[in-house]
Amino acid sequence: TARFHPGDRERVRQEVGNASRPDGDGSFATEHRILTRDGTERWLSVRANIRFIDAPAGRLPSTVIGTMMDITERKRAEEALRDAEYRQRLALDAGRM
C-alpha cells in the first residue's frame, strides 16, 4: 500500500475535485509522488475519466475509469539530464565559452 507524498497531496486533491465537478467533463491527468510502505518515493502518471449519473440533486460522480503507470525511472532520467546540463553550463561559463 502507498500514500500520497505530502508535497503533492493537496494539489492532487484539488485536481480530482475539479475533475469531479458536475459541470466538468470528468477528465483527469496528473503526475505525482507516492511513498511506499518502506518509505521509498515513487512517481505515478495517472489518467482517468470520471463518469457521472444524473440524480435528482444534480449530476453526481459515479465511476472512475483510468490507468496508473509507474514513471519513476523516467523522472530519475529527467533529473539526471537536468543535472548534466547544469554542470555543462557551469563548465562552459567557467571556461568563458
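Right above here is the structure, for reference.
Thresholds applied
Every chain's residues receive numbers from 1 upward, in the order its sequence appears when written. Totals for whole chains, interfaces and linings use every residue, but because this is a predicted model, local features are given only for residues with pLDDT of at least 70 and side-chain atom pairs only at 80 or more, for both listing and counting. Only heavy atoms go into the side-chain values, all of them from the structure, while hydrogens and water stay out. Strand pairing is assigned whenever DSSP detects at least two bridges linking the two strands. In this description a helix means any DSSP run of H or I spanning at least four residues, a strand means any run of E spanning at least two, and both kinds are numbered starting from the N terminus. For a helix, the expected span equals 1.5 Å multiplied by the residue count minus one. When accessible area is computed with a 1.4 Å probe and restricted to protein chains, residues below 20% of their type maximum are described as buried, those above 50% as exposed, and intermediate ones as partly exposed. This arc describes the spread of directions from the helix axis toward the C-beta atoms.

J.: Please set out the pairing of strand S2 (residues 27-36) residue by residue, giving values where relevant.
T.: Bridge count between S2 and strand S3 (residues 41-55): nine bridges; the pairing is antiparallel. Note that in S3 the partner of Ile-34 across the bridge is Arg-42. Turn length for the S2-S3 hairpin, with the two strands adjacent in sequence and antiparallel, is four residues, and the turn residue Gly-39 shows positive phi of about 90 degrees.

J.: Explain helix H1 (residues 6-19) to me, using residue names and the numbers behind them.
T.: With 14 residues, H1 ought to run about 20 Å at 1.5 Å a step, and its terminal C-alpha atoms sit 21 Å apart, in line with that. All of the buried residues along H1 are Asp-8, Val-12 and Ala-19. All buried residues of H1 lie within an arc of 30 degrees about the axis, which places them on one face of the element. Residues of H1 that are exposed and point more than 90 degrees away from the buried face comprise Pro-6, Arg-13 and Asn-18.

J.: Could you give an account of the pairing of strand S4 (residues 58-70), naming the residues involved and the relevant values?
T.: One ladder, built from twelve bridges, connects S3 with S4; its direction is antiparallel. Across the sheet, residue Val-46 finds its bridge partner in S4, namely Met-68. Hairpin remark: S3 followed by S4, antiparallel, with two residues in the connecting loop.

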